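Chains, contacts and geometry: an overview
Read off the chains here:
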Amino acid sequence: MGAFLAALGLVVAGGVASLLTGRRWRSRVAVAGIAAGSLCGLLAALRVLAGAATVALHVPWRVPYGSFSLAIDPLSALFLAPLFVLAPAAAVYGGRYLEEEHGGGAIGGVWLFTSLLIVGIAVVFTARNGVLFLLAWEVMSVAAYFLVTFEHHRDEVREAGWTYLVATHLGTAFLIAMFLLMARAGGSLDFDRMRLGQASPALAGLLFGLAVVGFGTKAGLVPFHVWLPEAHPAAPSHVSALMSGVMIKAGIYGLLRVLLLLPPPPAWWGWLLVAMGLVSGVGGVLYALAQHDLKRLLAYHSVENIGIITLGLGVGLVGAHAGLPLVALAGFAGALLHVLNHALFKGLLFLGAGAVAHAAGTRDLDHLGGLGKRMPWTGAAFLIGSAAISGLPPLNGFVSEFLIYLGAAAAALTGRGATLAAAVAGGAGLALIGGLALACFTKAFGSVFLGDPRSPHAAHAVEVAAALRLPMAALAAACVAIGLGAPLVLTGMTGVLAQLAQGFGLPAPDAQIATLRSALAWVALASLTLLAAVALAVLARRFLLRGRTVTAAPTWGCGYAAPTARMQYTASSFAQPLVDLFRPVLRTAAFGTPPSGAFPGPASFASATPDPVDRGLYRPLFAGAAALFGRLRWVQHGRIQLYLLYLVATLLILLLWKVR
Amino acid sequence: MSTAGLNGELIQTLSMVVVITSVVAVEVRRLRFAAMAYSAQALLIVGLVASFAAVNPSLYWWAAVALITKAVLTPWFLFRFIGHGEDREIKPLIGFGPSVVVAALLMTGFYRFTHGHVALFAPTTLAQGGVFRTNLAVTSTVFALGLYCVLTRRDATKTVIGLCLLENGVHLSLVSLAPELPETTLFGVATEVVVTVFLLLYVIAGVRKEFGTTDTFALRELQR
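The shown structure was predicted, so the numbers you read here are calculated from the model rather than taken from an experiment.

Here we look at the overall build of chain B
- When you go through chain B residue by residue, the secondary structure sums to 8 helices and 0 strands.
- Relative to the globule expectation of 17 Å for 224 residues, the C-alpha radius of gyration of chain B, 18 Å, shows essentially globular dimensions.
- Dimensions of chain B, computed from the C-alpha atoms along their principal axes, are close to 55 × 35 × 30 Å.
- When burial is assessed residue by residue, chain B has 48% of its 224 residues classed as buried.
- Total accessible area on chain B stands at roughly 10300 Å², and carbon and sulfur atoms take up 69% of it.
- Considering chain B, the positive charge centre built from 16 side chains and the negative charge centre built from 13 side chains are found 7 Å apart.

See the structure below:
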């Protein structure tokens, strides 16, 4: 616990020092603090993952129901690990990125809030008391708000910040209600002393529902995701990486932690999570497919990946309820491994998107292109990230999705009735998600890095500095390492899986873990064979081309005498067939004039895909609320004195009510 | 807890001066003098809380926090704000002569009423006896004067000073009403006020920059 507390102290000290020091040292002290703190925190987490006993700290607090209780059990450690891996990478990247983008201006605040965000997340993952949890939750959420609105001179950034702030506080309201109910029913808000095992099914269901809405809002589950595609693109890229990579996982962590406190889950909890996971996964990837903005596209992929994780959890719960330990373990293992993997590859992709935006001055896919030749390092890292997020072997995304497939397949083989249906839907949905994600990243990678530049900015882009490349390279290497060393990683998850098995009333999971490990060993072997085959093919190509001349022609040249960059696919036109296929869901609006006649004049095409949940649900809802409260406008007359009188009158009424 | 160890005479004297500083802070037209009156009152309150601490040592913490927040930070913000601008208050809604009469009526009325009907405000036996009773009467008077200031002054700076008085009254009343308040709550109460004053002055500085005045009536322009 000492190492963990040192981690918190170092990170905060770095942020505060950054605010106080001069321009030249601002980034350096913050990066140093975050890096040193992350190292301590990672050590603390890895020690528990390696099998050390749970460490805990309990300091009484004179706050109703509150206590300063921290503990690192395997579940906490598993979520802490990606935080403390991604945080230093994002910090090193951010140090250089902020200096180049903002010339060392008012960036002390960014570092303070970055360090508060990291500490907030770390305490959320370790808090063992509801009050402390909510406090850390708010620190995390508010710090993220100030980071999102860093470039507040832009209108859309302020709008995004506002959306995020409203969404996160609505979510927190549900969590406060949940914790209050838990305190009433469980007698305490200390997680270790809370007794909810005998709670009635109605109360347990209510608590579960509140948790799904509250934590789902933070995680970005459809239909609570609307803040995510707004806020993540607005933040500086290294912050987007942290938010998308780790912060939204706080929602998943919270859901799991609360599930472990509640009585054994009934069947419908698992079905609900499977259904929500599928809707988020398919919806997220479909909307990603229709985006032009690279960071917005990545943000929708976060919705998709949270969907995959939730689907895994749902499969796990279905398995636990049906008494199928292998299904449960495969589902949980897949979900938890995907938490780690998504942090790595989504962090990598956001850093890559930041590098692209920095080098080419735009994030619009239709104005990029040909960057692979100009930015080979960024291109290679982005390619690895793209392949990983699409779930392709031999990378880490494949491994975690494979575990969920395995769970679904085992349930389909051994389950009956509703379990069978959930398994089939989960497996088929996951396959659909994977296919669409691949299409989407073919579009994203192709239109950014391949072909010819579509704008002068893209044509003049140059590779970014080493301080930006290094974090990307490290994350890419981690993606490959987890892909190839999956059996070892699963060994590191033994403690978590045992904890979950115990929590959901399953027998000790040694046999199931051995089964999964041997399956993953085969996957690793196949991946290595695949890599060896690719290497052989490359060597063979080189051997065959030896002594011959090889000429390079423009991409999409197609034999034209004078090909231009405008002849190639744009991101929009590449995605159009798929977007057309899902038009009833997407409701993409197309603008422009198509070419007509034998000698067509100038033609144009543009499309926009606003979020249907935002447009169809929240905007009418908030407009209605605004209209309702608009009727009370007459009390808003602009006289401060009378406003204060309102307050006093309210106080007096309350006082009289109490005295009576 | 009893009143035995308390210096009753000192507390009585300090309390009376607190009331007088309130009247000065409300009535004086030069903002700088009003801020000075407020600062003096803050110091007196620190002294009062420290005197009560003779029977309740946890109040020393309270006095220390009040010293930093009320007697150092808040005056600092106030003087920094006033220092740059016009020092004469914008004419209030009520003239000086009538205002002094109203203030005097409020002072005697509230003091006598609270002192006579303490049970209405404080159900505990502690608060109904000796200097604790006097303290409650004083705090209600300070509260009433603060409210009067807030409701009848047009100058935004005066509104802030009025709010500070209101808050002083509430804060001091807690000595009688809730002497066992946990430190965390106390800390919250104290810092919240400093933050409020800071933010209010920040907003008013913006208004002064935009409208060229600290007249709260000018704020009606903000309405669409």
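Some details on the environment of Ala439 of chain A
Residue and element names in this part refer to chain A.
- Position of Ala439 relative to the elements: it lies in helix 17 (residues 417–449).
- A relative accessible area of 18% places Ala439 in the buried class.
- Once the C-alpha coordinates of Ala439 and Ala575 are considered, the two residues, 136 residues apart in sequence, prove to be 8.0 Å apart.
- Beyond its immediate sequence surroundings of up to four residues, Ala439 is in contact with Leu289, Phe574 and Leu578.

What about the domain arrangement of chain A?
- Each domain of chain A was delimited in the assignment, giving domain 1 (1–173 + 234–257) and domain 2 (612–659).
- Taken over C-alpha atoms, the centre of domain 1 of chain A sits 34 Å from the centre of domain 2 of chain A.

Description of the pairing of strand 1 (residues 55–60) of chain A
Residue and element names in this part refer to chain A.
- Of the pairings in the sheet, the one linking strand 1 to strand 2 (residues 67–72) comprises 6 bridges and is antiparallel in character. Across the sheet, Leu57 pairs through a bridge with Leu70, a residue of strand 2.
- Connecting strand 1 to the next strand, strand 2, in antiparallel fashion are 6 residues, including Tyr65 with a positive phi near 65 degrees.

Some points on the side chain of Ser455 of chain A
- Relative to the assigned elements, Ser455 of chain A resides in the loop between helix 17 and helix 18 (456–459).
- At 2.7 Å, the side chain of Ser455 of chain A forms a polar contact with the backbone oxygen of His367 of chain A.

What to know about unusual backbone geometry
Residue and element names in this part refer to chain A.
- For the bond running from Val222 to Pro223, omega is 10 degrees, close enough to zero to count as cis.
- Relative to the helices and strands, Pro223 is located in the loop between helix 7 (201–219) and helix 8 (228–234).
- For the bond running from Pro393 to Pro394, omega is 5 degrees, close enough to zero to count as cis.
- Here Pro394 is to be found in the loop between helix 15 (376–389) and helix 16 (396–414).
- Of note, the phi angle at Arg587 is positive, near 55 degrees, even though the residue is not glycine.
- By the element assignment, Arg587 lies in the loop between helix 24 (583–586) and strand 3 (589–591).
- The exposure class of Arg587 is exposed, given its relative accessible area of 55%.

Observations concerning the interface of chain A and chain B
- At the interface, 13 residues of chain A touch 18 residues of chain B.
- Buried surface at the junction of chain A and chain B, summed over both partners, amounts to about 1400 Å²; 58% is from carbon and sulfur atoms.
- Applying the counting rule to chain A against chain B returns 1 residue pair in polar contact (both at pLDDT 80 or more).
- Partitioned by chemical class, the residues of the side of chain A that touches chain B number 6 nonpolar, 4 polar and 3 charged.

Things to note about the packing of helix 15 of chain A against helix 19 (residues 466–484) of chain A
Residues and elements named next belong to chain A.
- The N-to-C vectors of helix 15 and helix 19 enclose an angle of 30 degrees; their axes lie 9 Å apart at closest approach. In terms of their interaxial angle, helix 15 and helix 19 are classed as roughly parallel. Crossing angle aside, the handedness with which helix 15 passes helix 19 is left-handed. Of the residues in helix 19, those touching helix 15 at Trp377, Thr378, Ala381 and Ile384 are Arg469, Met472, Ala476, Cys479 and Val480.
- Grouping the amino acids of the contact of helix 15 with helix 19 by side-chain chemistry returns 7 nonpolar, 1 polar and 1 charged.

Side note on the packing of helix 9 (residues 237–247) of chain A against helix 13 (residues 325–360) of chain A
All names here are of chain A.
- Following both chains from N to C, one finds helix 9 and helix 13 inclined at 160 degrees, their axes separated by 8 Å at the closest point. In terms of orientation, helix 9 lies roughly antiparallel with respect to helix 13. Read as a crossing pair, helix 9 and helix 13 show a hand that is right-handed. Each of Ser237, His238, Ser240, Ala241, Ser244 and Gly245 in helix 9 lies in contact with helix 13, whose residues at this interface are His342, Ala343, Lys346, Gly347, Phe350, Leu351 and Gly354.
- The residue makeup of the contact of helix 9 with helix 13, split by class, is 4 nonpolar, 8 polar and 1 charged.

Here's the deal with the pattern of salt bridges
Residues and elements named next belong to chain A.
- Summed over all chains, the structure comprises 15 salt bridges over all chains.
- For the salt bridge of Asp293 with Arg363, the shortest nitrogen-to-oxygen distance reads 3.0 Å. In this pair, Asp293 sits in the loop between helix 11 (267–289) and helix 12 (294–322) while Arg363 sits in the loop between helix 13 and helix 14 (371–374), placing the two residues 70 residues apart along the sequence.
- Relative accessible area serves as the criterion here: at 21%, Asp293 is assigned to the partly exposed category.
- For the salt bridge of Arg619 with Asp614, the shortest nitrogen-to-oxygen distance reads 3.2 Å.
- Given the relative accessible area of 49%, Arg619 is considered partly exposed.
- Taking relative accessible area as the criterion, Asp614 reaches 15% and is therefore assigned buried.
- Three or more residues are tied together by salt bridges with common partners; here these are Asp73, Arg128 and Arg257.

Side note on the packing of aromatic side chains
- This model, assessed by the stated rule, comprises 28 aromatic pairs over all chains.
- Ring pairing ties together the aromatic residues Phe133, Trp137, Phe179, Phe191 and Phe215 of chain A, which thus form one cluster.
- Stacked on the ring of Trp76 of chain B, the Lys or Arg Arg80 of chain B has its end atom at 5.5 Å from the ring centre.

A short note on a nonpolar patch on the surface
- Among the surface-exposed residues, Leu652, Leu655 and Val659 of chain A together with Phe113, Leu120 and Phe121 of chain B lie close enough to one another that they form a single nonpolar patch of about 560 Å² accessible area.
- Elements that contribute at least two residues to the nonpolar patch include exactly helix 26 (640–659) of chain A together with helix 5 (118–121) of chain B.
- The dominant element in the nonpolar patch, judged by the number of residues it contributes, is helix 26 of chain A, at 3 residues.

The rules behind the values
- Residues numbered from 1 in each chain as written.
- Chains lettered and ligands numbered in written order.
- Predicted model: local features only at pLDDT ≥ 70, side-chain atom pairs only at ≥ 80, totals over all residues.
- Heavy atoms only, no water.
- Helix = DSSP H or I, 4+ residues; strand = E, 2+ residues; numbered from the N terminus.
- Rg over C-alpha atoms; globule rule 2.2 N^0.38 Å.
- Buried < 20%, exposed > 50% of the residue type's maximum accessible area, 1.4 Å probe, protein only.
- Areas by Shrake-Rupley, 256 points an atom, 1.4 Å probe, with all protein chains shown as cover.
- Lys, Arg positive; Asp, Glu negative; His and termini not counted.
- Charge placed at Lys NZ, Arg CZ, Asp CG, Glu CD.
- Contact = heavy atoms within 4.5 Å.
- Domains from an automatic or database assignment.
- Pairing = 2+ DSSP bridges.
- Polar contact = N/O pair within 3.5 Å; in protein donor to acceptor, adjacent residues only side chain to side chain.
- Buried area = accessible area lost by both parts, 1.4 Å probe.
- Nonpolar A, V, L, I, M, F, W, Y, C, P; charged D, E, K, R; others polar.
- Axes fitted to C-alpha atoms, helices over the stretch in contact; angles between N-to-C directions.
- Parallel < 35°, antiparallel > 145°, perpendicular 65-115°, else oblique.
- Left-handed = near helix turned anticlockwise from the far one by under 90°.
- Salt bridge = Lys/Arg side-chain N within 4 Å of Asp/Glu carboxyl O.
- Phe/Tyr/Trp six-rings, centres within 6.5 Å; stacked < 30°, edge-to-face > 60°.
- Lys NZ or Arg CZ within 6 Å of the ring centre and 35° of its normal.
- Patch = residues over 30% accessible without salt bridge, like charges linked within 9 Å, V, L, I, M, F, W, Y side chains within 5 Å.

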